[in-house]
Amino acid sequence: RKEVEQDPGPFNVPEGATVAFNCTYSNSASQSFFWYRQDCRKEPKLLMSVYSSGNEDGRFTAQLNRASQYISLLIRDSKLSDSATYLCVVTPGFQKLVFGTGTRLLVSP
Amino acid sequence: NAGVTQTPKFRVLKTGQSMTLLCAQDMNHEYMYWYRQDPGMGLRLIHYSVGEGTTAKGEVPDGYNVSRLKKQNFLLGLESAAPSQTSVYFCASSWGQLNNSPLHFGNGTRLTVT
């Protein structure tokens, strides 16, 4: 079983739609969780950290479910500029960061 | 403030050739990392450094060497390139440990080994 698993997609949604991605992780000792965004042929960039109580940043909401070992990212009112690959990132140990393979989102007019 | 700068952006090598990828950051970060990204796989850590003069192996260190002689620079060397090292390489830096500080990535180096 992979340490971090994501649905590769692509998720095709129209502008204005709400879309959600999940990411499962295998190591129950994982402490920190992040979502990174990667545009085509570009470097990954931090989108948001994921806190135990859930957190929101504008149109983006991240949640953590420790019991079921998954994190989620919800995007409301999708924009064309949201088209990208979203990487789930987990820290299962000291100085260890595990990246998922990413979920591709395509937002169409 | 350039952030993290990688050179070169593209390179084609023949099997057995050597090269060095350069990474520089101007954010005074202690921690620096080299990752590779391959289709269908998440980014994988090659080597990392927790400070000037230190280096440590990551998940996939074989075939690579690194040096951190100055705090702002982290070099990745391929002594004898192999086709399996065809990949996109990203350098990154962070101010603190991975569990509580974000990674700042460079633009990447696309390496092809024929």
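The sections below set out a description of the structure shown in this document. (Residues numbered from 1 in each chain as written. Chains lettered and ligands numbered in written order. Predicted model: local features only at pLDDT ≥ 70, side-chain atom pairs only at ≥ 80, totals over all residues. Heavy atoms only, no water.)

### Thoughts on the overall build of chain B
So, point 1. A tally of regular secondary structure across chain B gives zero helices and eleven strands.
So, point 2. What you see in chain B, going N to C, is helices and strands ordered as β-β-β-β-β-β-β-β-β-β-β.
So, point 3. Radius of gyration (C-alpha) of chain B: 13 Å, near the 13 Å computed for a compact globule of 114 residues.
So, point 4. Taking the principal axes of the C-alpha coordinates as reference, chain B spans close to 35 × 30 × 25 Å.
So, point 5. Across the 114 residues of chain B, 48% fall into the buried class.
So, point 6. Partitioning the intrachain contacts of chain B with sequence separation of at least 6 by distance along the chain shows that 55% fall at a separation of at least 24. (Helix = DSSP H or I, 4+ residues; strand = E, 2+ residues; numbered from the N terminus. Rg over C-alpha atoms; globule rule 2.2 N^0.38 Å. Buried < 20%, exposed > 50% of the residue type's maximum accessible area, 1.4 Å probe, protein only. Contact = heavy atoms within 4.5 Å.)

### Here's the deal with unusual backbone geometry
So, point 1. For the peptide bond that leads from G9 of chain A to P10 of chain A, omega is 10 degrees, which places it in the cis range.
So, point 2. Within the secondary structure layout, P10 of chain A lies in the loop between β1 (4-6) and β2 (11-14).
So, point 3. For the peptide bond that leads from T7 of chain B to P8 of chain B, omega is -5 degrees, which places it in the cis range.
So, point 4. A positive phi angle is found at R41 of chain A, which is not glycine, with a value near 60 degrees.
So, point 5. The topology assignment puts R41 of chain A in the loop between β4 (32-38) and β5 (44-50).
So, point 6. For Q69 of chain A, which is not a glycine, the phi torsion comes out positive at approximately 55 degrees.

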